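Tertiary structure, described
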Amino acid sequence: MEWDDMYRRGVPPPWSIGAPQPELAALLDAGPAQCPVQGTVRGEVLDAGCGEAALSLELAARGHTVVGLDCSAAAVAAATATAAERGLTTATFAQADLTEFGGYDGRFSTIIDSGLLHALPVDRRQAYLRAIHRAAAPNARLFILTFAERPFGDGHGPDGFTAEELRDTVGVLWTVDEIRPAKLYVNDFTGDLLDGPPTAYERAADGKLMFPGFLVSAHKD
């Protein structure tokens, strides 16, 4: 996929819903009592594959220092401009290949992936997990929101994961604490990017499509 083109079409790409994914927003709202396994967001945060950075901007608005990295220069420019418009000085953004970036070794206490892992080529996923592991501080927490297996049917979009595949993939380097079912929200793109409608979605009250997925909670030993 030509990621810059997706951000320059004049309409938001499906994953840019204008707010953090509800599953992650709930995580930000929860305290230790509500999330005894996952814990809470703490310290400096890496938003891996930030896109137009609704998550980073929300984190900064709540007082967190956050770095958003994305392969798309167009997305990074949009995120930087929005942060400046809102006066959010603790959010910074940079273009990077998330499968091999450097310069942040041991820095982040929390890493959040809002839909990146499933978008990577299968043969680059371990390189990505190594790169963010290298950027993580000791005992850092990792949260990954990703599609379940084949959310768009055969031959369309990312394949997604089963829970077992996720555990095997993430668990090579990270200690997996929990994998639970979750929902991913996207803008309605039926008839736009696919030859036919996706096969496994619900429709939210605001018209967005909800697809099955998982929220992975892990940590760096």
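Provided above is the structure to which this section pertains.
The structure contained in this document is the topic of the report that follows. Counting from 1, residues in each chain are numbered in the order their sequence is written. Given that the model is predicted, a residue must reach a pLDDT of at least 70 before its local features are reported, and side-chain atom pairs must reach 80 or more before they are shown or counted; all residues, however, enter totals for whole chains, interfaces and linings. Calculated side-chain values reflect all of the structure's heavy atoms, with hydrogen atoms and water omitted.

Here the focus is unusual backbone geometry. Unlike most non-glycine residues, A53 shows phi in positive territory, near 75°. For N139, which is not glycine, the phi dihedral falls at a positive 65°. Runs of H or I in DSSP of at least four residues are treated as helices and runs of E of at least two as strands, each being numbered from the N terminus. Relative to the helices and strands, N139 is located in strand β5 (residues 136–147).

In this structure, Y7 sits in helix α1 (residues 3–7). For the pair Y7 and A74, spaced 67 residues apart in the sequence, the C-alpha separation amounts to 6.3 Å. Whether two residues are in contact is decided by their heavy atoms, any of which lying within 4.5 Å being enough. Setting aside residues up to four positions removed in sequence, Y7 forms contacts with P13, W15, S16, G51, E52, S72, A74 and A75.

Should a side-chain nitrogen of Lys or Arg be within 4 Å of a carboxyl oxygen of Asp or Glu, the pair is scored as a salt bridge. Using the criterion set out here, one finds 8 salt bridges in the structure. Residues E58 and R62 are paired through a salt bridge, measuring 2.7 Å at the closest nitrogen-oxygen approach. A relative accessible area of 27% means that E58 is categorised as partly exposed. With a closest N to O distance of 2.4 Å, E202 and K183 form a salt bridge. With E202 in strand β7 (residues 202–203) and K183 in strand β6 (residues 175–186), the pair connects residues that are 19 residues apart, well separated along the chain. Owing to a relative accessible area of 39%, E202 belongs among the partly exposed residues under this scheme. Each of D29, E58 and R62 takes part in salt bridges that share partners, so that together they form one network. Burial status follows relative accessibility: with a 1.4 Å probe on protein chains alone, a residue under 20% of its type maximum counts as buried, one over 50% as exposed, and anything between as partly exposed.

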